[in-house]
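# Working through the structure, step by step
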Amino acid sequence: MQFMSRQKKLLPNSHTELYGQCLQFYGQPPLENIALSEFETFAVERLKLLKTVENLGVSYVKLSEQYTKKLDQESKNLNFPYRSGPSEIEKRRKDHISHFILRLAYCQTEDLRRWFIQQEVDLFRYRFSYLSSKQKLEFLHKNNLQYDAISVEEKKALQDKLVNSSYAVSGITVEDQDFYKVPFQDALDLVRTRKVYLKAGYVYIPHQDIVTIILNDFRTRLSKALALTARSLPAVHSDERLQPLLNHLSHAYVGQDYSIQKNVGKISLEQIDSLSGKSFPLCMRQLHQALRENHHLRHGGRMQYGLFLKGIGLSLEQALQFWRSEFIRGKVDADKFDKAYAYSIRHMFGKEGKRTDYTPYSCMKVILSNPPSQGDHHGCPFRHSDPELLKQKLQFYKVSPSGISQVGDITFSLNHPNQYFVESQKVLGGGKDIKREMDTPQRSQENSGRGSAAAREAAAAANASQHLAEMTEELDSFFQDA
Amino acid sequence: MPSSDYDPASLPDLLPLYYRRLFPFSQYYRWLNYGGVQKNYFQNREFSFTLKDDIYVRYQSFTTQNELEKEMQKMNPYKIDIGAIYSHRPNQHNTVKSGTFQALEKELVFDIDMTDYDDVRSCCSAADICCKCWTLMTIAIRILDRALREDFGFQHLLWVYSGRRGVHCWVCDEAARKLSVAARSAVAEYLSLIKGGEETVKKVVLTDPIHPFIRESLAVVERYFPRYALQEQDILGRKESVDKVLSLVPEDILFTVKELQQDFQNEKKPESRWKLVRDQATKKQATAKKGQYFEKEIMLQYCYPRLDVNVSKGVNHLLKSPFSVHPKTGRISVPINLKELDVFDPFAVPTISLICEELDRPRAGEDEEKSEESKDKENEKDAAERRKIRDYKRTTLAKYVKYFDQFLDAMARSWKGELLRKSDLQKEF
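Residues numbered from 1 in each chain as written. Chains lettered and ligands numbered in written order. Predicted model: local features only at pLDDT ≥ 70, side-chain atom pairs only at ≥ 80, totals over all residues. Heavy atoms only, no water.

### What to know about the overall build of chain B
The condition that has to hold: Each helix is a run of H or I in the DSSP string that is no shorter than four residues. Each strand is a run of E no shorter than two, and both are numbered from the N terminus. Buried, partly exposed and exposed residues are distinguished by accessible area as a fraction of the type maximum, computed with a 1.4 Å probe on protein chains only: under 20%, between the cut-offs, and over 50%, respectively. We call two residues in contact whenever any of their non-hydrogen atoms come within 4.5 Å of each other.
Secondary structure summary: chain B contains 16 helices and eight strands in total. By the burial criterion, 54% of the 429 residues in chain B qualify as buried. Relative to all contacts within chain B whose residues are 6 or more apart in sequence, the contacts with residues 24 or more apart total 70%.

The following block contains the structure:
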């Protein structure tokens, strides 16, 4: 891409050709010159779109009615293509260019790449769902995905198994449609969720489900492309006009990540118990309680809770003391702790191994990665707990009954456990006053404080989820601050 | 059996003996070299050792079998872990430009740990196991082995006893070794049915249609359920157990639970009680659209394998090596012969103290072997050398090494094919 500060050189005919199809794989970068202002606008708007894609994906089932309606709306608002039609050429051009700009911003680290790929795949899936069967087939051919269809005899023999493997496959589907044999590595999403029949390393996919194959292909290609883009970054960064914008774009998605500790040493270990009752979000309170009760936490819990503690201001020395004193009360002796567990705590603070200073987990990360299993206490109670048990817990923490029923109906919005802590401390008159407050003896206000804080958490969940656009509004203010 | 005579304090004395005379180095190398089909496959493999006083060293690598032997005999590791095959020799990773040292391939592995079943076994908890709950491992192996072979098409699976409270599976097919992180995670998710931690009561939920994989797994569970769960674990015996089982019947079928509780007052035999539960479920399956498979869900929650997805996901994840010693129990991590799975007894697995003891004990027929050796003058190998090769054969370890050999023979046939293909491509004669 070449950038000029003033003129756009438009070749209308070739645009009509280039953007004749409503959906594309972004195989070829745009070759025209575009104005710097367009460059900025396009990129920011696509980022907003991708943020919406992310939020909707957490709150709704992908491709459900609410999901598609809201994404339709957002696409319209931001002037992106969302249906096939003749007047879509300009929008498709914007789509094309903005995608490639964001590649520049999001190819730099593993985390950024993962995020970008995930949202682009989801966006693609949504747009693909609007294509006709014929158009979908065209994509297969375009991709050179030569998968074999199984014979009619084999279909008959496998009929029961095929029908029982997928909710969407009926006896009629088996009779009417071709089924393709695809190596399982090319259809991981279907394998992961067990939505397909798998035999001897091949999945059997009806024609109607070919989308998953395409998505996989799209994901792989994008991943490779990003790796390549990363290598040509130095050349791009040398252009002074682009560098600040690209930096903005790649930081915007993360929001505040609480990796830079602002209050190191301001929290003392004695405060943790009472802080956990007042200002910890439910997930961390749960972990803290489990730690106190069992004098132990498994790896997932240690990571989630340990990084949170780092985020609220615990120093490495404090953390070591904290974990050590608790584990010693259990089955671990001091020696064993120093050998086995101290290493991983230092690792969390970036003092071992590849010295990455790990960032405390955002709610998104807690909800979506590493679900808890038997013996675990980590995860998100609003996502991972039994509804009944969750109700009981909230009652125990003195959330009002109306607050509880609100939580039951609401889906949680994006946030960060450390953000909860910071906000809670502010409300309770925290900040510099934290120490002073802790020193004064138990007051009756403390009890109501605990209850109201918890109610506020539940209410926050109720409110925030109704304003998904909040996240994109944050984005605006980000750019204004710059 | 003398196995129970193992004393952890004796490890420093036993390990040198084990690594000098018993550890099956040539089979071990044969395995990890994978027929030499890929260059530097063995040389780029990471090993990690846990030494005396819990000193842990990573990024160990070796160029030859001989070097591996010498190092292990020098360091006498308490524990050995196997990691991935990297882009460069692990022991030189510090000299490699940052970012270019990458884990490339590794076997697909699974780790089944008895502790993960604590909420559903009444006989033991934590690190303890007994013959009653060991059935859970048998069930896990049968279910996973079938799925990995029939559903995923893998052929070369090595199941290994971990030495204390679980089993590991090493899937050694080439396709398995080349799987990406995403693929490994997808395989592990496909095989997972138990969802939820401490806070979740009902950990298995089935919806229509029931996938063939679940049906096959259920078939295995049903074979073992009457004896394992109803008799040995007695889950429908004591009141607390019964309550726990009934808590898995869905809420909106409350009337069912009340009915069952009443029926149980008259019916005390576990088998009959279970039949009552099944009958209720059958009734529901005729009418209800949700929660109607609760009897299957109960069976699965009590018996279905629980695997740690994180172990299987990572290409660079380190896992305990076969033939490694378990420092707490002294047991050797031996391969399990699936043909004898139903009679496998973890308490009969040899300990390091047992096999070291057996080294000194002459076996019946040994005298005949000795005279054969002295007769054979044309044999180039030194008598001592030959004795060393046969040492493990004098011990209980022998049959496990033999089984390992058979496993390697089967794989070797595929390596041969690969080598032929490669030499054809290079037109070597």
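Still more to cover.
### Focus: the interface of chain A and chain B
Note the threshold: A quick way to say it: buried area is the sum, across both parts, of accessible area lost when two parts are put together, with a 1.4 Å probe. Salt bridges are counted wherever a side-chain nitrogen of Lys or Arg sits within 4 Å of a carboxyl oxygen of Asp or Glu. Pairs of N or O atoms within 3.5 Å make up the polar contacts considered here, provided that, within protein, one atom can donate a hydrogen while the other can accept it, and that residues adjacent in sequence are counted only when both atoms are side-chain atoms.
The interface of chain A with chain B comprises 34 residues on the first partner and 39 residues on the second. Counting the surface lost from both chain A and chain B, the interface buries some 2900 Å², and carbon and sulfur atoms represent 53% of this. Where chain A meets chain B, there are one salt bridge. With a shortest N-O distance of 3.0 Å, Asp-116 of chain B and Arg-298 of chain A are connected by a salt bridge. For the pair chain A and chain B, the interface holds twelve residue pairs in polar contact (both at pLDDT 80 or more). Every element with two or more residues in the side of chain A that touches chain B is listed here: helix H7 (152–165), helix H9 (188–192), strand S5 (197–199) and helix H20 (387–396) of chain A. At four residues, the largest contribution of residues to the side of chain A that touches chain B is made by H7 of chain A.

### Topic: the nonpolar core
Formally: As used in this record, nonpolar core signifies buried Ala, Val, Leu, Ile, Met, Phe, Trp, Tyr and Cys residues forming a set joined through side-chain atoms within 4.5 Å.
Core analysis: the largest hydrophobic core is formed by 193 residues, its most contacted members being Tyr-18, Trp-31 and Leu-191 of chain B. Ranked by residues supplied to this core, first place goes to helix H7 (residues 212–232) of chain B with ten residues. Excluding residues that lie within four positions of it along the chain, Trp-31 of chain B makes contacts with Ile-82, Glu-107, Trp-170, Cys-172, Pro-322, Phe-404, Leu-408, Met-411 and Trp-415 of chain B. Ranked by size, the runner-up nonpolar core spans 36 residues in total, among them Ile-272, Leu-309, Ile-345 and Phe-421 of chain A.

### Describing the confidence of the model for chain A
Residues and elements named next belong to chain A. Here is the rule: The predictor's confidence in any single residue is recorded as pLDDT, a number from 0 to 100.
Summing up the model confidence of chain A, the mean pLDDT is 77 and the portion of residues at 70 or higher is 75%. Element-level pLDDT for chain A is lowest in helix H23 (residues 434–439), with a mean of 32, against a maximum mean of 97 in S5. Between residues 458–482, whose pLDDT stays under 50, and residues either more than four places distant or in other chains, the model counts 34 contacts.

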